[in-house]
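Commentary on secondary and tertiary structure
One letter stands for each residue in the lines below.
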Amino acid sequence: MTATHYAVKAENIHKSFGSNEVLRGISFTAEQGKVLSIIGASGSGKSTLLRCINHLVVPDDGVVHIGTETLRSHKRRDGTAVSSDIRQLERIRARLGMVFQNFNLWSHRNVLQNLLEGPLHVQQVPKARATEHALGLLAKVGLSDKKDAYPNELSGGQQQRVAIARALAMNPDVLLFDEPTSALDPEMVGEVLRVIRQLADEGRSMILVTHEMKFAQEVSDHTIFMHNGRIEEEGPPGKLFNQPESERLRQFLLPAY
Ligand code: ADP
Ligand code: MG
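Residue positions are given per chain, counting from 1 as you read along its sequence in written order. Key to labels: chains lettered from A, ligands numbered from 1, both in the order written. With pLDDT at 70 or above as the cut-off, local features in this predicted model cover only qualifying residues; side-chain atom pairs require 80 or more to be listed or tallied, and sums for whole chains, interfaces and linings still use all residues. By convention in this description, side-chain values take in all heavy atoms of the structure and omit both hydrogens and water.

Note the threshold: UniProt positions are given in the numbering used here, feature names are shortened, and annotations may be inferred rather than shown by experiment.
The protein carries the name ATP-binding cassette domain-containing protein in an unreviewed UniProt entry, which gives Pollutimonas harenae as its organism. Check the Subcellular location (unreviewed entry) section of the UniProt entry for the protein; it says "Cell membrane". Quoted straight from UniProt, the Sequence similarities (unreviewed entry) entry for the protein says "Belongs to the ABC transporter superfamily."

So this is what it looks like as C-alpha cells:
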C-alpha cells in the first residue's frame, strides 16, 4: 500500500434529492492527522456531504478516496444512485467512525454492549480483546462507571461520549462528526467538546460539522464554509473566521442577537 497525505479526498461530489440539487460539485481534502471543519447554514448540505463520504448517502457523481481506497458510485437507469462495489463498501465503512447529532446508541443494549457490537460482530475481534479495548475507551471518555448502564439512564452528554467511544472501538482511520453537540443542553456541550479536542490533540484525522464556531476555530486546521451545496470559501480557520472574503460568510458569522 502506498501512503497518502490525505485521510479523505472528495472529488466533484454531486447529489440531488428529486429536483433539489443539494451538492453541486464539492471537492475537498481532509489531511491525515488534521481536523477539517465544515460550517454553513442549516440546509446548506453539510450532513449530506458527510454521509456521501461513506455512501450512507450515495453520490450521483464524484469520487471519494479514503486513504488508499476509492469509492465510486453511478446512477442507474431509474435515476437512483448506487455504490459501484458493495463488498468494498463494507470494508471502507469500517475505516470511518461516524458520530451523529442524536447519538444513535442501541437503546436495548448497555454501554459496554454498544461498544462491543461492531468489534465482535463486524470485525470478529476476540471477546476478551474487544472488552479490554472497550473498557480502555470508556476510561478515556470518563465513563468507566457507566459500562452497565443503558442509554436512557445517561445524560445527553454521557450518551454522546459513549457514541464517540463506540466509534473509536472500531479503530477507524477517520472520525466523522455531524453536529455532535447540537442536541445537547448547553451545560453538556463542554464535556463532549473536551473529548473531541483530546482526540484532535492525539492527531486523529477528523471531519467535523459543527455550529460551535469558537470551537471550530480553535480545534481545526482547515475550515470549509458551505452555501447552497457549494464551497463558498475555505482556508485556515484564523483567516476564515477573522477575515472572511465572502459576503455570505461574513453574514453567517455575524453574532445572532
Ligand atoms: P445541513 O446538514 O447543512 O443542514 P442537509 O444536508 O441535512 O443540510 O440538507 C440539505 C438539503 O437536502 C435540505 O434541503 C434537505 O431537506 C435535503 N435532504 C437531506 N436529506 C434528504 C433526504 N434523505 N431526502 C430528501 N431530501 C433530503
Ligand atoms: Mg445537518
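Points about the overall build of the protein
Test applied: Secondary structure elements follow DSSP: runs of H or I no shorter than four residues count as helices, runs of E no shorter than two count as strands, and numbering proceeds from the N terminus. It is over C-alpha atoms that the radius of gyration is taken, and the globule rule equals 2.2 Å times the number of residues to the power 0.38. Each residue's exposure class comes from its accessible area (1.4 Å probe, protein chains only) as a fraction of the maximum for that residue type: buried when under 20%, exposed when over 50%, partly exposed otherwise. Here the open area of atoms and residues is found with the Shrake-Rupley method and a 1.4 Å probe, where only the protein chains shown may cover a residue. His is not counted, nor are the chain ends; Lys and Arg add positive charge and Asp and Glu add negative charge. For the purpose of locating charges, the reference atoms are NZ of Lys, CZ of Arg, CG of Asp and CD of Glu.
Helix and strand counts for the protein stand at 9 helices and 11 strands. Against the globule reference of 18 Å for 257 residues, the protein gives a C-alpha radius of gyration of 18 Å, in line with a compact fold. Principal-axis analysis of the C-alpha atoms places the extent of the protein at approximately 50 × 50 × 35 Å. Relative to its 257 residues, the protein shows a buried fraction of 51%. Of the roughly 12,500 Å² of accessible surface on the protein, 46% is carried by carbon and sulfur atoms. Taking the average location of the 30 positive side-chain charges in the protein and that of its 30 negative ones, the two points are 4 Å from each other.

Regarding the sheet that holds strand β3 (residues 35-40)
The cut-off we apply is this: In this analysis, strands are considered paired if DSSP registers two or more bridges between them. What counts as an axis is a line fitted to C-alpha atoms, over the stretch in contact for a helix, and the angles between N-to-C directions run from 0 to 180 degrees.
What the 6 strands build is an open sheet, ordered β7-β8-β9-β3-β10-β11; its pairing is mixed. In this open sheet, the two strands that pair with only one neighbour each are β7 (96-99) and β11 (230-235). Adjacent strand axes in the sheet meet at a mean angle of 20°, parallel and antiparallel pairs treated alike. One ladder, built from 5 bridges, connects strand β10 (residues 222-227) with β11; its direction is antiparallel. Across the sheet, methionine 226 pairs through a bridge with isoleucine 231, a residue of β11.

A word on the site of ligand 1
Going by this rule: The nearness test applies per residue and asks whether one of its heavy atoms lies within 4 Å of the molecule or strand. Whenever a nitrogen or oxygen atom comes within 3.5 Å of another N or O atom, the pair is scored as a polar contact, on the condition that within protein one atom can donate a hydrogen and the other can accept it, and that pairs from neighbouring residues in sequence are kept only if both atoms are in side chains. Classification convention: Asp, Glu, Lys, Arg as charged; Ala, Val, Leu, Ile, Met, Phe, Trp, Tyr, Cys, Pro as nonpolar; all other residues, Gly among them, as polar.
Around ligand 1 lies a shell formed by Phe17, Asn20, Val22, Ala41, Ser42, Gly43, Ser44, Gly45, Lys46, Ser47 and Thr48. One nitrogen or oxygen atom from the main chain of serine 44 is found 3.2 Å from an oxygen atom belonging to ligand 1. In this structure, lysine 46 approaches ligand 1 through a side-chain N or O atom, which is 2.8 Å from an oxygen atom. In the complex, 57% of the free accessible area of ligand 1, which totals 560 Å², lies under the protein chains. Listed by contribution, the elements that provide at least two residues to the shell around ligand 1 are β2 (20-31) and α1 (46-53). Here the element with the most residues in the shell around ligand 1 is α1; it accounts for 3 residues. Looking at the shell around ligand 1 residue by residue, the classes come out as 3 nonpolar, 7 polar and 1 charged.

Things to note about the domain arrangement of the protein
Defined as follows: What fixes the domain bounds is an automatic or database domain assignment. In this description, contact between two residues means that some pair of their heavy atoms is separated by no more than 4.5 Å. Each of two parts loses accessible area, computed with a 1.4 Å probe, when they are put together; buried area is these two losses added. The salt bridge definition used is simple: a Lys or Arg side-chain nitrogen within 4 Å of an Asp or Glu carboxyl oxygen.
Once the domains are mapped, the protein shows domain 1 (6-95 + 174-256) and domain 2 (103-172). For domain 1 and domain 2, the distance between their C-alpha centroids amounts to 24 Å. Residue-level contacts link 16 residues of domain 1 with 15 residues of domain 2. Both sides of the domain 1 and domain 2 interface together cover about 1,300 Å² of buried area, and 68% of this is carbon and sulfur. Between domain 1 and domain 2 we count 2 salt bridges in total. Across the contact surface, domain 1 and domain 2 share 5 residue pairs in polar contact (both at pLDDT 80 or more). Among the secondary structure elements, those contributing two or more residues to the side of domain 1 that touches domain 2 are β8 (174-178) and α6 (186-201). With 7 residues, α6 is the largest single contributor of residues to the side of domain 1 that touches domain 2. Grouping the constituent residues of the side of domain 1 that touches domain 2 by class yields 11 nonpolar, 1 polar and 4 charged.

A closer look at helix α2 (residues 86-93)
Because each turn of an α-helix spans 3.6 residues, side chains separated by three or four positions in sequence point in the same direction. In plain terms, the rule: Arc definition: it is the arc formed by the directions from the helix axis to the C-beta atoms.
Of the positions making up α2, those classed as buried are Gln88, Leu89 and Ile92. In an axial view of α2, the angular spread of the buried residues amounts to 105°, which keeps them on one side of the axis. Projecting away from the buried face of α2 at angles above 90 degrees are the exposed residues Ile86, Arg87 and Glu90. On its buried face, α2 is in contact with β4 (61-66), β5 (69-75), β6 (81-83) and β7.

As for the sheet that holds β2
The strand order β2-β1-β4-β5-β6 describes an open sheet built from 5 strands, whose pairing is antiparallel. In the strand order of this sheet, the two ends are held by β2 and β6, each with one partner. Strand-to-strand, the axes of this sheet are offset by a mean angle of 20°, without reference to chain direction. Taken together, the 9 bridges between strand β1 (residues 6-17) and β2 define a ladder with antiparallel strand orientation. Note on β2: the bridge partner recorded for tyrosine 6 is glutamate 31.

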